[in-house]
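This is what each chain is made of:
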Amino acid sequence: MPMKHFQVVGRKAPTESDPEPQLYRMQIFAPNRVTAKSRFWYFLHQYKKMKKTTGEILSVNEIFEKNPAVVKNFAITLRYNSRSGTHNMTKEYRDTRLTGAVDQMYQEMAGLHRARKESIQIITTNVVEPKDCVRPSVVQFHDSKIRFPISHRRPRVEKRFKKTFSPFRPNTFVG
């Protein structure tokens, strides 16, 4: 299930001694609203002495990309728990949406570091200018004259000439 970007706002439940408690706002990446609220309480309980039973959620809003047609470079700072301890790192990804970059990050962390989604905490995300990118996998696409030539193409056959079985293979080379 692809990740979505949510903004969750919550606070401690009002009491007579504290009628207007402080608001806490977090940006959470989760597959749905229910998981976003759960992750909000998980992180808030780590930082403040508060949990779901003593607090309330005021709003859960999904955040959409302002311009999803443009390719951007994203930097994601994260913390994750491995078998040997807790590690911090920054990763760079190239995508049209922040949620796409987060999906790439989860896939890469699962493949390279065997880190599960539950053990990864995204600390910050931001858009990076091309001149500030460091990772070779991102920098290689910054050439303005980059080309992706098609070396093989399967020709479309008209329906009247189409056969289930053919005595020879098609010539797909374009040269």
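Residues numbered from 1 in each chain as written. Predicted model: local features only at pLDDT ≥ 70, side-chain atom pairs only at ≥ 80, totals over all residues. Heavy atoms only, no water.

### A look at helix α2 (residues 98-113)
Heads up, the rule is: Strands here mean DSSP runs of E at least two residues long; helices mean DSSP runs of H or I at least four residues long; both are numbered from the N terminus. In a helix, the anticipated span is given by 1.5 Å times the number of residues less one. Only protein chains enter the calculation, and the probe is 1.4 Å; a residue is then buried if its accessible area is under 20% of its type maximum, exposed if over 50%, and partly exposed in between. Between two residues, a contact is recorded if the distance between any of their heavy atoms is within 4.5 Å.
Taking 1.5 Å as the rise per residue, α2 with 16 residues should run 22 Å; its terminal C-alpha atoms sit 21 Å apart, in good agreement. Looking only at α2, the buried set comprises L98, T99, G100, A101, V102, M105, Y106 and M109. Its buried side turned inward, α2 meets β1 (4-12), β2 (23-30), β4 (72-81), β5 (86-95) and β6 (120-128). Remark: R114 follows α2 within two positions and exhibits a positive phi of approximately 55°.

### Quick word on the side chain of S119
As a reminder, the rule being used: By the criterion applied in these results, polar contacts are pairs of N or O atoms within 3.5 Å in which, for protein atoms, one can donate a hydrogen and the other can accept it, and in which residues neighboring in sequence qualify only through two side-chain atoms.
Along the chain, S119 falls in the loop between α2 and β6. Among the residues examined, S119 registers a relative accessible area of 16% and is labelled buried. Among the polar contacts made by the side chain of S119, one reaches the main-chain carbonyl oxygen of R116 at a distance of 2.9 Å. With near-sequence residues (within four places) excluded, S119 lies in contact with R79, Y80 and N81.

### Here's the deal with helix α1 (residues 33-47)
Taking 1.5 Å per residue, 15 residues should reach 21 Å; α1 reaches 21 Å between its end C-alpha atoms and fits that length. For α1, the set of buried residues is A36, R39, F40, W41, F43 and L44. Tucked into the core, α1 has its buried residues touching β1, β2, β3 (55-63) and β6. Capping the start of α1 is the job of one residue whose side-chain oxygen sits 3.4 Å from the backbone nitrogen of V34: N32.

### Some thoughts on the environment of A75
With respect to the element layout, A75 can be found in strand β4. With relative accessibility at 9%, the residue A75 sits in the buried group. Along the primary structure A75 and P167 are separated by 92 residues, whereas in three dimensions their C-alpha atoms are 52 Å apart. The contact partners of A75, leaving out residues within four places of it in the chain, are T90, K91, E92, T124, T125, N126 and V128.

### Quick notes on the nonpolar core
Just so we agree on the cut-off: Only buried residues count toward a nonpolar core, which is a set of Ala, Val, Leu, Ile, Met, Phe, Trp, Tyr and Cys residues joined through side-chain atoms within 4.5 Å.
In this structure, I76, L78, Y80, V102, M105, M109 and I120 are the most contacted members of the largest nonpolar core, which totals 16 residues. If you list the elements that add at least two residues to this core, you get β4, β5 and α2. Ranked by residue count, the leading element in this core is α2, at 6 residues. Not counting residues up to four positions away in its chain, the partners in contact with I120 are R39, L78, R79, Y80, M105, Y106, M109 and A115.

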